[in-house]
Amino acid sequence: MKLSVIGLGHVGLVTAAAFARWGHEVVGYDIDPSRLEHLRKGELPYYEPGLQGLFDEVVEAGRFSVVDELWETLVGTEVAFVCVGTPPLPGGGPDLSYVEQVGSAVAEHATGDVVLVEKSTVPANTGRRLEHVIAREQQRYGSTRRIDVASNPEFLREGNAVEDTLHPDRIVYGTSSDRARDALREVYRVVVEEDGCPVVETEVATAELIKHASNAFLATRISFMNAVARICDRVGADVDVIAYGMGLDNRIGPAFLRAGIGYGGSCFPKDVDAFAHLAREVGYEFDLLESVRAINTGQRDLVLRKLESELWHLSGKSIAILGAAFKPGTDDLRESPAIALAEQLLERGAAVRIYDPVALNEVAKILPGAARFDDPLEACSGAHAAVVATEWSEVRELRLEDLREHLAHPVLIDGRNVFDPDAFIEAGFRYHSIGRRSVPAI
Ligand code: UGA
């Protein structure tokens, strides 16, 4: 099939490459001309394990190309996927103006009948709004093309995006016509046949809500465990063992129960807010989600308080932050707890020494005041304390003796619970973790 992918960010690029791998002919477009230029040279705009190989393969096979104008992607296309950004607005809802612009452009430029598929995470009812925009614009341009709107949320995780897309847990699409449903069946036919993954066929608003509810639920699990960790700190219990014990219950399962410095990224924080905002708009106060958010930001403050408890005044102190990305496997710093912590430390007059194996270029752009290191021990060198903010394997594998040798003081706040508390405490470290054994606060 001839497919268009509009927006070549974390979702669009991987999706486009996967479609091409499944044999479709894919044409991509992005509003950022420099991104297109880099892609033409074979350079990816961000770090994502396995994507370069897949990208090179599909470009070489002639099944993926990019164009400079949105209308060019629409020439002869059967299905157009909207993968543009939906950044948060100050009130908590997402900015859907890019989605609207794509709807207008499709109404104006489609050269045949098209199924227009939302893949960006959007609130329920966006499908209906898009239909309205398209009808309005078609009237303006006198277009009689048939444009069906569908929703096909993605569930890929950054850092695992290629694997998640090529071998999905499930495929969900919501359509309001047989034609759109059949087109999406054909888009995914290869992966469904090869992988046998379940498919949820439903209507548009339900598909949109499956995505919102899934992300909000995963964020809720994390915040729940972070709240449990607070109790553990007070009663001397171990949150990791509790998560293990809970996860053995088939009804609960082990995933997304890791307590720590909190969730970040471009999805959970934004989606929790957007879902609460949507609920409010339709007359329901989803208080649970407000708590999920408050618990999450509280985790960063907790780490800061632990540092203050150890070092007293932070002004003039030097703190190593081990990991900048919001999680391992990505250079994405959006809503990263590490960055939020670094900003608070800088505000308090501390010197920040930040380590990350892949995200330092991004760190330079948003935190020019922080010293950057591509070696975790160098970041620790002479520091008053270190904080584990991202559980990169390079951080997990650090040896206690080396940390001891490099840090000016053996103070370690393990914000991701990666080290063995007993070993560190017995070795004389002022070791704190989240909801596990820690030294008593001063
Ligand atoms: C998330 C969802 O997992 C994807 O299914 C979804 O498609 C995506 O959002 C999206 O909406 O586009 P992602 O943000 O890439 O994916 O990252 P996750 O692996 O879900 O991690 C999110 C955050 O939660 C990270 O900061 C991670 O460190 C944190 N986390 C995760 C925990 O603190 N504890 C856990 O047990 C698991």
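The structure contained in this document is the topic of the report that follows. On a predicted model such as this, the values are computed, not experimentally measured, just so you know. (Residues numbered from 1 in each chain as written. Predicted model: local features only at pLDDT ≥ 70, side-chain atom pairs only at ≥ 80, totals over all residues. Heavy atoms only, no water.)

With that settled, the discussion passes to the layout of surface pockets. It is a probe the size of a water molecule, rolled over the atoms, that shows where empty space is left. Volume-wise, the second largest pocket comes out at about 470 Å³. Taken together, 20 residues form the lining of the second largest pocket, with Leu96, Pro123, Asn125, Thr126 and Arg129 sitting closest to its centre. For the lining of the second largest pocket, the leading source of residues is helix α6 (residues 126-141), giving 7 residues. Its residues assigned to classes, the lining of the second largest pocket comprises 9 nonpolar, 6 polar and 5 charged. (1 Å grid on protein atoms, 1.4 Å probe; cavity = no way out; pocket = protein on both sides within 12 Å on 5 of 7 lines; lining within 4 Å. Points joined across faces, edges and corners; volume = space filled by probe spheres on them. Helix = DSSP H or I, 4+ residues; strand = E, 2+ residues; numbered from the N terminus. Nonpolar A, V, L, I, M, F, W, Y, C, P; charged D, E, K, R; others polar.)

With that out of the way, let us pick up the packing of helix α9 (residues 204-235) against helix α11 (residues 268-281). Relative orientation of the contacting elements α9 and α11 amounts to 115°, with a least axis distance of 9 Å. α11 is crossed by α9, and the crossing has left-handed handedness. Residue-level inspection shows Leu209, Lys211, His212, Ala213, Asn215, Ala216, Leu218, Ala219 and Ile222 of α9 in contact with α11, the latter providing Phe268, Asp271, Val272, Ala274, Phe275 and Leu278. Here the contact of α9 with α11 is composed, by residue class, of 11 nonpolar, 2 polar and 2 charged. (Axes fitted to C-alpha atoms, helices over the stretch in contact; angles between N-to-C directions. Left-handed = near helix turned anticlockwise from the far one by under 90°. Contact = heavy atoms within 4.5 Å.)

A separate point is the sheet that holds strand β10 (residues 351-355). Within the open sheet, the 6 strands sit side by side as β11-β10-β9-β12-β13-β14. Their pairing is parallel. Taken across any chain shown, the strands that pair with only one partner, and hence form the sheet edges, are β11 (371-373) and β14 (430-432). Pairs of neighbouring strands in the sheet enclose a mean axial angle of 20°, with direction left out of account. Pairing between strand β13 (residues 411-414) and β14: 3 bridges, direction parallel. Opposite Ile413, over in β14, you have His432 as the bridge partner. (Pairing = 2+ DSSP bridges.)

Time to look at empty space enclosed by the protein. This model, assessed by the stated rule, comprises 1 cavity of 30 Å³ or more. What lines the largest cavity is Glu118, Ser120, Thr121, Val122, Ser151, Pro153, Glu208 and Lys211. Classifying every residue of the lining of the largest cavity by side-chain character gives 2 nonpolar, 3 polar and 3 charged.

A separate point is the environment of Gln101. Topologically, Gln101 is positioned in helix α5 (residues 97-109). For Gln101, a relative accessible area of 45% translates into the label partly exposed. Considering only alpha carbons, one finds Gln101 and Val133, 32 residues apart in sequence, at a separation of 9.2 Å. (Buried < 20%, exposed > 50% of the residue type's maximum accessible area, 1.4 Å probe, protein only.)

Let's shift gears to the side chain of Asp331. Structurally, the position occupied by Asp331 is in the loop between β9 (318-322) and α13 (337-347). We note that Asp331 is buried and unpaired, the nearest opposite charge coming from Lys365 at a distance of 7.7 Å. Within the structure, the side chain of Asp331 is placed 3.4 Å from the backbone nitrogen of Tyr47, a separation counted as a polar contact. Dropping the residues within four chain positions of it, Asp331 is found in contact with Tyr46, Tyr47, Val358, Ala359 and Glu362. (Lys, Arg positive; Asp, Glu negative; His and termini not counted. Salt bridge = Lys/Arg side-chain N within 4 Å of Asp/Glu carboxyl O. Polar contact = N/O pair within 3.5 Å; in protein donor to acceptor, adjacent residues only side chain to side chain.)

This part takes up the pattern of salt bridges. Scanning the model with the defined rule gives 34 salt bridges in all. Between Arg334 and Asp332 there is a salt bridge, with the nearest N and O atoms lying 2.9 Å from each other. Of the residues examined, Arg334 reaches a relative accessible area of 40% and is grouped as partly exposed. Residue class for Asp332 comes out buried when judged on its relative accessible area of 5%. Arg399 is the salt-bridge partner of Asp402, the closest N and O atoms lying 3.2 Å from each other. Of the residues examined, Arg399 reaches a relative accessible area of 47% and is grouped as partly exposed.

For the rest of this paragraph, the subject is the site of the ligand. Around the ligand, the structure places 19 residues, and the nearest of them are Leu156, Glu158, Lys211, Asn215 and Arg258. The separation between an oxygen atom of the ligand and a polar side-chain atom of Asn215 is 2.7 Å. Here the ligand, which alone exposes 720 Å², has 95% of that area covered by the protein. Elements with a minimum of two residues in the shell around the ligand: α9 and α11. If you tally residues by element for the shell around the ligand, the top one is α9, at 3 residues. Among the residues making up the shell around the ligand, the classes are represented as 9 nonpolar, 2 polar and 8 charged. (Near = heavy atom within 4 Å. Areas by Shrake-Rupley, 256 points an atom, 1.4 Å probe, with all protein chains shown as cover.)

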